[in-house]
Amino acid sequence: MEFSILTSGIGFGTYIPAVVLAQQLKSTGAGVSVDILEKLFLDEKKDRLVENQKRYHDDFNAAKVAMRIPAMKQQGNYDEERIQKLLWQWDVKGTQFFIVFSGSWQDILAEYGRTHKTHIYCVHMDCVVSPSWKGFSLDHEGEAWLIGKGDGFPETVLYPEQQLPLDKRGNRLLVHGGGWGLGLSTVRENLAEASGYGVYLVDSFAQDGDPDGVFTYFSTGEWHAYEETGRVFPPLYYEGKDINRADEHYIYKLEKEAVAVISKAGGGTLCESFSGCVPMILTESAARHEEMNKMKWIRQGFGISFEEWSQGGFSRKPLEECYQRLHTRIGQAQKVLFQEIRKWACN
């Protein structure tokens, strides 16, 4: 059985769940490839992505404005030879099963489907239809919403392992701004007033040392999944050295050991919040679908806004309450994504 997992590598929110799922499926003996949309882009378009990441990292308002602009037509981004090579590879391997993390694959998948039988399973990382999925109209036989659809509670987990009890985690916070490191400057300024916490801050760009001793800085080193680097997961640099030499999802290891994660409400981050029973302290959203995720997580009691938490004196108590709700709810989530996909493919 041969699976192709179709994802995007612009950020980490759809890329990392896709490669985690690939590893899980491979462990069952399945053949799996992970195809990243931006690898099919023209070189100049990929260069523009890198430029935009730096711009939006330095100017969160510019990122928010960009998110409000309707997505441009994708056709002008692609190198047609790269698309045809990928279609040929699918044909040679006899690929029929496609697990789709980004609706932007629709046109390429439709082209392949005109001459080949396809079975499609859609994985949504947000609680609402996110921009890449708008207009997606291909027939599909299964779907999962990893943080729950709409107001519904999550029913499916990506990571099935045991969670570390809160009282074993110490008092450390983990701060990040998603794969592009968005919106971190305001958090850094306000967290300087919090006391009693150790703070790990993961950025996409290296930061200077912290003279006040509040933060321990890590960096993913401007790594991009769509570039050929010979590794699956992003590096993680600490004091100039990559501590992720095992090429694993190291950031999730740090998240699971934290009393809370401070971040915007990206779907990938909330998926890990749920699987790892990690309370969320939610910062300003970059886009509407993130804001919908944020409000949902707060309503369900899995997180608190950064504003409310700081106004409450940075107390640990609401984080403990969020943990208890997460712990109760994850015990009711009976489905594991890779197992559900194996069942779907075998039917």
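Residues numbered from 1 in each chain as written. Predicted model: local features only at pLDDT ≥ 70, side-chain atom pairs only at ≥ 80, totals over all residues. Heavy atoms only, no water.

Undergrad: Account for the overall build of the protein chain, with residues named and values stated.
TA: The number of helices and strands found in the protein chain is 12 helices and 15 strands. Over its C-alpha atoms the protein chain spans a radius of gyration of 20 Å, differing by no more than 12% from the 20 Å that the globule rule assigns to 347 residues. Viewed in the frame of its principal axes, the protein chain has a C-alpha envelope of about 60 × 45 × 40 Å. Looking at the protein chain as a whole, 53% of its 347 residues are labelled buried. The contacts in the protein chain between residues at least 6 apart in sequence include a share of 64% that link residues at least 24 apart. Carbon together with sulfur atoms contributes 47% to the accessible area of the protein chain, which is approximately 15900 Å² in total. Placing the 38 positive and 47 negative side-chain charges of the protein chain at their respective mean positions leaves the two points 4 Å apart. (Helix = DSSP H or I, 4+ residues; strand = E, 2+ residues; numbered from the N terminus. Rg over C-alpha atoms; globule rule 2.2 N^0.38 Å. Buried < 20%, exposed > 50% of the residue type's maximum accessible area, 1.4 Å probe, protein only. Contact = heavy atoms within 4.5 Å. Areas by Shrake-Rupley, 256 points an atom, 1.4 Å probe, with all protein chains shown as cover. Lys, Arg positive; Asp, Glu negative; His and termini not counted. Charge placed at Lys NZ, Arg CZ, Asp CG, Glu CD.)

Undergrad: Just give me the short version of the pairing of strand 9 (residues 215–219), but keep the residues and values in it.
TA: The buried count for strand 9 comes to 4 of 5 residues, which makes it a mostly enclosed element. As judged from the 5 bridges shared by strand 8 (residues 198–203) and strand 9, these two strands associate in the parallel manner. Considered in strand 9, the bridge of Val-199 is made with Phe-215. (Pairing = 2+ DSSP bridges.)

Undergrad: Can you break down the environment of Gly-94 residue by residue, with the values?
TA: By the secondary structure assignment, Gly-94 is in the loop between helix 4 (80–93) and strand 3 (97–100). For Gly-94, a relative accessible area of 43% puts it in the partly exposed group.

Undergrad: Lay out the pattern of salt bridges with the relevant residues and their values.
TA: Scanning the model with the defined rule gives 15 salt bridges in all. The salt bridge partner of Asp-79 is Arg-82, with a shortest N-O separation of 3.7 Å. Look at Arg-82 and you get partly exposed, because its relative accessible area is 26%. One salt bridge connects Lys-264 with Glu-290, and the closest N-O pair in it is separated by 2.6 Å. (Salt bridge = Lys/Arg side-chain N within 4 Å of Asp/Glu carboxyl O.)

Undergrad: With reference to specific residues and values, describe the packing of helix 4 against helix 5 (residues 106–113).
TA: In the contact formed by helix 4 and helix 5, the axes pass within 11 Å of each other and the chain directions differ by 50°. By the angle between their directions, the pair helix 4 and helix 5 is classed as oblique. Here helix 4 runs over helix 5; the crossing is right-handed. Residues Ile-83, Gln-84, Leu-87, Trp-90 and Asp-91 of helix 4 pack against Ile-108, Leu-109, Glu-111 and Tyr-112 of helix 5. For the contact of helix 4 with helix 5, a count of residues per class yields 6 nonpolar, 1 polar and 2 charged. (Axes fitted to C-alpha atoms, helices over the stretch in contact; angles between N-to-C directions. Parallel < 35°, antiparallel > 145°, perpendicular 65-115°, else oblique. Left-handed = near helix turned anticlockwise from the far one by under 90°. Nonpolar A, V, L, I, M, F, W, Y, C, P; charged D, E, K, R; others polar.)

Undergrad: Residue-level account of the sheet that holds strand 4 (residues 119–124), with values.
TA: Spatially, 5 strands are ordered 2-1-3-4-5 in an open sheet, and the strand pairing comes out parallel. Edge strands, defined here as strands with exactly one partner in the open sheet, are strand 2 (31–36) and strand 5 (142–145). Strand-to-strand twist in this sheet, taken as the mean axis angle between neighbours without regard to direction, amounts to 20°. As defined by bridge partners, strand 1 (residues 2–7) adjoins strand 2 across 6 bridges and the pair is classed as parallel. If you follow Glu-2 over to strand 2, its bridge partner there is Gly-31. Contacting strand 1, strand 3, strand 4 and strand 5, helix 12 (residues 337–346) crosses the sheet at an angle of about 160° to strand 4.

Undergrad: Quick one: what's the story with the side chain of His-176, residue by residue and with numbers?
TA: Checked against the element boundaries, His-176 lands in strand 7 (residues 172–176). Those residues in contact with His-176 that lie beyond four places of it in its chain are Leu-184, Val-202, Glu-255, Val-261, Ile-262, Ser-263, Lys-264 and Thr-269.

Undergrad: Can you explain the side chain of His-249? Please cite residues and give values.
TA: Along the polypeptide, His-249 turns up in the loop between strand 11 (241–242) and helix 7 (250–256). Engagement of the side chain of His-249 in a polar contact is seen with the side chain of Glu-272, the distance being 2.6 Å. Look past the residues within four positions of His-249 in its chain and what remains in contact with it is Ile-16, Tyr-159, Phe-233 and Glu-272. (Polar contact = N/O pair within 3.5 Å; in protein donor to acceptor, adjacent residues only side chain to side chain.)

On their own, these measurements won't tell you what the molecule is for.
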